[in-house]
Amino acid sequence: MIYTVECSFNDPAKEAEWNKFYSNDKLPALISVNGFFTSQRFIALTKDCPRYLAIHSIDEADVLTSQHYKQAGGGNFAKWQEHITDWHRNIYDMPKRAQAVNDDEYLLCSEESPQALIDLGLEPIRLNAIALDKHPTQRWLAVSNQLPIDEIQAGSANIHIYQAMGKQLKSL
């Protein structure tokens, strides 16, 4: 399964400190939770979507109700909570773990259909929402080593482009 957390941050003066906390403290704490296998964080390069996206590969939905998850800070942002906006969490079914996105690659996401990603020569992976917000109900993800902003803007599909904010963390 894939667990996603999306949000924006409304205090530019504290955003760098928050990003440092999230990448250096929160993600390592979450990946230590039994049932978490991978975690990676992204920043949106396109508009009309939350600025940040975290993608975690998890064992099962129940991991998010575990004591270990709550102790690791799962489900909240502590002192940062008042600055978090446009917050969404979803669990998607997926038979394999999330693909790592390297520094020279981009994560492309369509909530409308896979066709726009296929038209870019990519092989999208379909995600179906099964728990939490359940919105969007479906998504298609693809990884590309090219930044096709001009092609995406010329097309009619709504595709969001994300850049990795660090390497994918993996559980031991």
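Refer to the structure presented above.
Residues numbered from 1 in each chain as written. Predicted model: local features only at pLDDT ≥ 70, side-chain atom pairs only at ≥ 80, totals over all residues. Heavy atoms only, no water.

A. Up close: the packing of aromatic side chains. Counting across every chain of the model gives eight aromatic pairs. Look at Phe 9 and Trp 18: their rings are 4.7 Å apart centre to centre, the planes differ by 20°, and that puts the pair in the stacked class. Among the residues examined, Trp 18 registers a relative accessible area of 0% and is labelled buried. The interplanar angle of 15° and the centroid separation of 5.9 Å between the aromatic rings of Phe 36 and Tyr 69 together place this pair among those described as stacked. (Phe/Tyr/Trp six-rings, centres within 6.5 Å; stacked < 30°, edge-to-face > 60°. Buried < 20%, exposed > 50% of the residue type's maximum accessible area, 1.4 Å probe, protein only.)

B. Examining the pairing of strand E6 (residues 125-132) more closely. Pairing analysis gives four bridges linking strand E4 (residues 84-93) to E6, with the strands arranged antiparallel. Each bridged residue has a counterpart across the sheet, and for Asn 90 the counterpart in E6 is Leu 132. Where E6 lies against strand E7 (residues 138-144), four bridges are found, and the strand directions are antiparallel. Counterpart to Asn 128 in the pairing with E7 is Gln 138. (Pairing = 2+ DSSP bridges. Helix = DSSP H or I, 4+ residues; strand = E, 2+ residues; numbered from the N terminus.)

C. Summary view of the pattern of salt bridges. One pass over the structure, following the stated rule, counts four salt bridges. Note that Arg 139 and Glu 6 form a salt bridge whose closest N and O atoms lie 2.7 Å from each other. Of this pair, Arg 139 sits in strand E7 while Glu 6 sits in strand E1 (residues 2-9), and the two are 133 residues apart along the sequence. There is no split in this pair, since Arg 139 and Glu 6 are both buried. Taken together, the shared-partner salt bridges connect Glu 6, Glu 111 and Arg 139 into one network. (Salt bridge = Lys/Arg side-chain N within 4 Å of Asp/Glu carboxyl O.)

D. The arrangement of the nonpolar core in detail. Residues Tyr 3, Trp 18, Tyr 22, Phe 36, Leu 64, Tyr 69 and Phe 77 are the most contacted members of the largest nonpolar core, which totals 24 residues. With five residues, the top contributor of residues to this core is helix H1 (residues 12-31). With residues up to four places along the chain from it excluded, the contact list for Tyr 22 reads Val 5, Leu 27, Pro 28, Arg 41, Ala 54 and Phe 77. Counting 17 residues, the second-largest nonpolar core is a separate cluster that includes Ile 2, Phe 42, Cys 109 and Tyr 162. (Core = buried A, V, L, I, M, F, W, Y, C linked by side-chain atoms within 4.5 Å. Contact = heavy atoms within 4.5 Å.)

E. Fine view of the side chain of Arg 41. When you line up the elements, Arg 41 lands in strand E2 (residues 36-44). Comment: no salt bridge for buried Arg 41; closest opposite-charge side chain is Glu 15, at 7.0 Å. (Lys, Arg positive; Asp, Glu negative; His and termini not counted.)

F. Spatial organisation of H1. Look at H1: 27 Å from first C-alpha to last across 20 residues, which is about the 28 Å you get at 1.5 Å a residue. Most pronounced at Tyr 22, the bend in H1 amounts to some 35°. Taken residue by residue, H1 has Glu 15, Trp 18, Asn 19, Tyr 22, Lys 26, Leu 27, Leu 30 and Ile 31 as its buried positions. As for H1, its buried residues are in contact with E1, E2, strand E3 (52-58), helix H2 (67-71), E4 and strand E9 (169-170). (Expected span 1.5 Å × (residues − 1). Bend = angle between axes of the 7 residues up to and from the residue.)

The quantities given are spatial measurements derived from coordinates; they are silent on function.
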